[in-house]
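Residues per chain, in single letters:
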Amino acid sequence: MLVAVPKEIYPGEKRVALIPQSLPALTKAGLEVVIEAGAGEGINSKDADFEAQGARVEQDRHRLLSQADIVLMVRGPGSDPDFPAADLDALKEGTTLISFTEPLAQPEIMKKLAERKLTVFSMELMPRTTRAQSMDALSSMATIAGYKAVLAAADASPKLFPMFMTAAGTITPSRVFILGAGVAGLQAIATARRLGAVVEAFDIRPVVKEEVESLGAKFVQLEMDADEAQDSGGYATAQSEDFYRRQQELLAERIKNSDVVITTAAVPGKKSPVLISEEVVAGMRPGSVIVDIAADKGGNCAVTKPGEKIVHKGVIVIGPLNIPAEVPVHASQMYAKNISTFLLHMVKEGKLKLDLEDEITKGAMVAHQGQVVHEAVLAALKEA
Ligand code: NAD
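Residues numbered from 1 in each chain as written. Predicted model: local features only at pLDDT ≥ 70, side-chain atom pairs only at ≥ 80, totals over all residues. Heavy atoms only, no water.

Caption draft 1: Layout of unusual backbone geometry. In this structure, Glu-102 is a non-glycine residue whose phi angle is positive, near 50 degrees. Among the structural elements, Glu-102 can be located in the loop between β5 (96-100) and α5 (107-115). Within the chain, Asn-322 stands out as a residue other than glycine whose phi angle is a positive 50 degrees. With respect to the element layout, Asn-322 can be found in the loop between β15 (315-318) and α11 (328-346). Owing to a relative accessible area of 16%, Asn-322 belongs among the buried residues under this scheme. (Helix = DSSP H or I, 4+ residues; strand = E, 2+ residues; numbered from the N terminus. Buried < 20%, exposed > 50% of the residue type's maximum accessible area, 1.4 Å probe, protein only.)

Structure below.
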């Protein structure tokens, strides 16, 4: 079967779905890998590097896509709002597409892909189970985002992170507050601690307290309990507007006393909750920094401008978009491992054999044989 890896075309996207080192496992499994010329430019991998590991290089994108049985991408349709119609037109019926696709935010696009008779797997829908851990691209990218957000904050801050005891006096460490202690938040805690900051964190899911403390941060307790803060998949559940308002009030003092706030709070398929109001930002000390990792899902801070770094009443507010693309080499290495492990999970004797009872295959499948098949995507379609 022919596995095609096109060059990513989303503006600023430097990642690529496979790296040269990931090819031998695929060719050994009987797959033929063809990459578009220049696909590895963003990670400094030349076409020859892919060829040396067993890939063929195709100059013509349309020809590449029209031959493909399986297409591997980072940003598929849905994940790229301007995904070219010509790319979709090039694919033959029955082609399997595996990529990020934003299936819950873009259910209408998923319906169109189903109608095009493509089989679509969304990396976002990978079950968060121990079995699927090596295929969990969301965790890989969140790890990078958490790390990089702290570096962005340290770079923007007019203060040092660590404590210094020098002949010129003692420098007190920066106080960093992390809102949301999922994969990105925990990595942000670890990174800020490594840089010597004093770190506190809060998450709506109290189960993360131990993890937060094991990384050397203090878990902040609020005088409020969410109704069923966590669903069966380990994700946070959406709360009422009243709940978020009360949470804003309770967090306000803590935020105002922080030098840096990193926000990572997200609820799958929903707009991110606003946890920092304009008023609270205005009450922070000038020179404080907020890095809002949730910027691409609306943001956790009311004044965040997605994709921009602004100064609001003296407070630096950074709303980064697509952070993993800023670390394309390791982001691609991790993504390639995740996507190729997933692909190999479904390949037997050189052929794609879809076991629709398998929780991983079924869990990540959005569209198959002309239908949208994922329950959450079907529910999102009804709401749309
Ligand atoms: P996410 O990106 O959906 O959300 C980030 C964090 O924001 C979560 O910890 C969430 O609880 C938090 N949050 C949501 N609303 C909030 C609010 N109002 N206030 C404060 N925090 C809020 O989550 P994620 O990082 O992708 O993963 C969430 C969890 O999934 C993990 O912590 C873990 O328990 C589970 N998980 C399991 C596996 C596995 O078993 N293989 C892998 C990855 C994640």
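Caption draft 2: How the structure looks around the site of the ligand. In the vicinity of the ligand there are 23 residues, among which Arg-128, Val-183, Asp-203, Arg-205 and Gln-247 approach most closely. With respect to the ligand, the backbone of Ile-204 contributes an N or O atom lying 3.5 Å from a nitrogen atom. Coverage of the ligand by the protein amounts to 85% of the 830 Å² it exposes when considered alone. (Near = heavy atom within 4 Å. Polar contact = N/O pair within 3.5 Å; in protein donor to acceptor, adjacent residues only side chain to side chain. Areas by Shrake-Rupley, 256 points an atom, 1.4 Å probe, with all protein chains shown as cover.)

Caption draft 3: Up close: the pairing of strand β12 (residues 260-263). A two-sided burial pattern is seen for β12, the buried positions comprising Val-260 and Ile-262 on one face and Val-261 and Thr-263 on the other. Both strand β9 (residues 175-179) and β12 contribute to a ladder of four bridges, which runs parallel. When the bridges of β12 are listed, Val-176 appears paired with Val-260. Here β12 runs beside strand β13 (residues 289-292); their pairing, made up of four bridges, is parallel. Its bridge partner being in β13, Val-260 is matched across the sheet by Val-289. A crossover connection joins β12 to the parallel β13 through helix α10 (residues 278-283); in handedness this β-α-β unit is right-handed. (Pairing = 2+ DSSP bridges. Right-handed = clockwise from strand over helix to strand, strands pointing away.)

Caption draft 4: Layout of the packing of aromatic side chains. Within this structure, the stated rule accounts for four aromatic pairs. Centre to centre, the rings of Phe-121 and Phe-342 are 5.3 Å apart; their planes meet at 80 degrees, and the pair counts as edge-to-face. Here Phe-342 lies in helix α11 and Phe-121 lies in strand β6 (residues 119-122), a separation of 221 residues in the sequence. For Phe-342, a relative accessible area of 0% puts it in the buried group. (Phe/Tyr/Trp six-rings, centres within 6.5 Å; stacked < 30°, edge-to-face > 60°.)

Caption draft 5: Fine view of helix α7 (residues 183-194). If you check α7, its first and last C-alpha atoms are 17 Å apart, about what twelve residues at 1.5 Å a residue would give, namely 16 Å. When we look at burial in α7, the residues that qualify are Ala-184, Gly-185, Leu-186, Gln-187, Ala-188, Ile-189, Ala-190, Thr-191 and Ala-192. Against the buried residues of α7 lie α6 (137-156), β9, β10 (198-202), α8 (209-214) and β12. Directly beyond the C-terminal end of α7, a positive phi value near 95 degrees is found at Gly-196. (Expected span 1.5 Å × (residues − 1). Contact = heavy atoms within 4.5 Å.)

Caption draft 6: Looking closely at a nonpolar patch on the surface. A contiguous nonpolar surface patch, about 230 Å² in accessible area, is contributed by Leu-160, Phe-164 and Ile-171. Structurally, the position occupied by Ile-171 is in strand β8 (residues 169-171). Of the residues examined, Ile-171 reaches a relative accessible area of 34% and is grouped as partly exposed. (Patch = residues over 30% accessible without salt bridge, like charges linked within 9 Å, V, L, I, M, F, W, Y side chains within 5 Å. Salt bridge = Lys/Arg side-chain N within 4 Å of Asp/Glu carboxyl O.)

Caption draft 7: Representation of the environment of Ile-255. Summarising the element assignment, Ile-255 is placed in helix α9 (residues 241-256). Along the chain, Ile-255 and Pro-328 lie 73 residues apart, while their C-alpha atoms are 32 Å from each other. In contact with Ile-255, other than residues within four places in its own chain, are Phe-177, Leu-179, Val-261, Leu-275, Ile-276, Val-280 and Met-284.

Caption draft 8: A look at the sheet that holds strand β2 (residues 32-36). Judged by pairing direction, the sheet is mixed, and its eight strands sit side by side in the order β3-β2-β1-β4-β5-β6-β18-β19 without closing on themselves. Two strands bound the open sheet, and with one partner strand each, they are β3 (56-58) and β19 (371-372).

Caption draft 9: Expanded view of α5. For α5, the full list of buried residues reads Pro-107, Met-110, Leu-113 and Ala-114. Buried residues along α5 cover an arc of 110 degrees about the axis, so they all sit on one side. For α5, the exposed residues set more than 90 degrees away from the buried face come down to Lys-112 and Glu-115. Of the surrounding elements, those touching the buried residues of α5 are α4 (85-90), β6, β18 (365-368), β19 and α13 (375-383). After α5 finishes, the residue Lys-117 shows a positive phi value of roughly 65 degrees. (Arc of directions from axis to C-beta.)

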